[in-house]
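Structure at a glance
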Amino acid sequence: VQLVESGGGLVQAGGSLRLSCAASGLTFSHYEMSWFRQAPGKERVFVASVRWTNEDTSYSNSVADRFTISRDNAKNTVYLQMNSLRPEDTAIYYCAAAFMSSGNYNYWGQGTQVTVSS
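Note on numbering: residues in each chain are counted from 1, in written sequence order. In view of the model being predicted, local features appear only for residues whose pLDDT reaches at least 70, and side-chain atom pairs are presented and counted only at 80 or more, with totals across whole chains, interfaces and linings using the full set of residues. Each side-chain value is worked out from all heavy atoms of the structure, with water and hydrogens disregarded.

**Examining the pattern of salt bridges**
Between Lys or Arg on one side and Asp or Glu on the other, a salt bridge is scored when a side-chain nitrogen of the former is within 4 Å of a carboxyl oxygen of the latter. All chains considered together, the criterion is met by three salt bridges. Between Arg37 and Asp89 there is a salt bridge, and its shortest N-O distance comes to 2.9 Å. Remark: Asp89 occurs in the loop between strand S8 (77-82) and strand S9 (91-99) and Arg37 occurs in strand S4 (residues 31-38); sequence separation between them is 52 residues. Throughout this description, buried means an accessible area under 20% of the type-specific maximum (1.4 Å probe, protein chains only), exposed means over 50%, and partly exposed covers the range between. On the basis of relative accessibility, which here comes to 11%, the residue Arg37 falls in the buried class. Each of Arg37, Arg66 and Asp89 takes part in a single network of salt bridges with overlapping partners. Secondary structure elements are taken from DSSP: a helix is a run of H or I of four residues or more, a strand is a run of E of two residues or more, and numbering for both begins at the N terminus.

**Re the state of the cysteines**
By disulfide we mean two sulfur atoms from cysteines, separated by a distance within 2.5 Å. The tally for this structure, following the rule as stated, stands at one disulfide. A sulfur-sulfur separation of 1.9 Å characterises the disulfide bridge that pairs Cys21 with Cys95. Judged by the sign of its S-S torsion, about 40°, the bond between Cys21 and Cys95 is right-handed. Here the residue Cys21 occupies a position in strand S3 (residues 17-24), and Cys95 occupies one in strand S9, the gap between them amounting to 74 residues.

**Notes on the sheet that holds S3**
Strands are labelled as partners when DSSP assigns at least two bridges between them. With antiparallel pairing, four strands are arranged side by side in an open sheet as S1-S3-S8-S7. The two strands at the open ends of the sheet, each matched to only one other strand, are strand S1 (2-6) and strand S7 (67-72). For this sheet, the mean angle separating the axes of adjacent strands, direction not counted, is 15°. Of the pairings in the sheet, the one linking S3 to S8 comprises six bridges and is antiparallel in character. Note that in S8 the partner of Ala22 across the bridge is Thr77. Orientation is described by lines fitted to C-alpha atoms, with helices fitted over the stretch in contact, and by angles between N-to-C directions that extend from 0 to 180 degrees.

**Considering unusual backbone geometry**
Phi is mostly negative for residues that are not glycine, and the peptide bonds are mostly trans. With phi around 50°, Ser84 is a residue other than glycine that occupies positive phi space. Here Ser84 is to be found in the loop between S8 and S9. For Met100, which is not glycine, the phi dihedral falls at a positive 55°. Within the fold, Met100 resides in the loop between S9 and strand S10 (105-108).

Structure below.
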């Protein structure tokens, strides 16, 4: 199983980025897909998740009105559209997969760096 993130980079505050996570080696539609992030010197924290449809999502309070998670089961890919970025969004962003929405994350990607300059 592989989860490969892409789309990170350097952006100015107020800008946007779209992260992608391409999954292979698993039955993608059976997994809840999530994004986490880890800022320097801090613990990894939950950002957003999508269950079986793009209408079934959840977000951390800090991103709920700025980020949108979505999935394309035909492409085995989950996305994170990030708008109105802030310097405090700077972190490594990881995607993760939880089988049948169990709450246990079976697989993780290697992460993609997002840096927001002020």
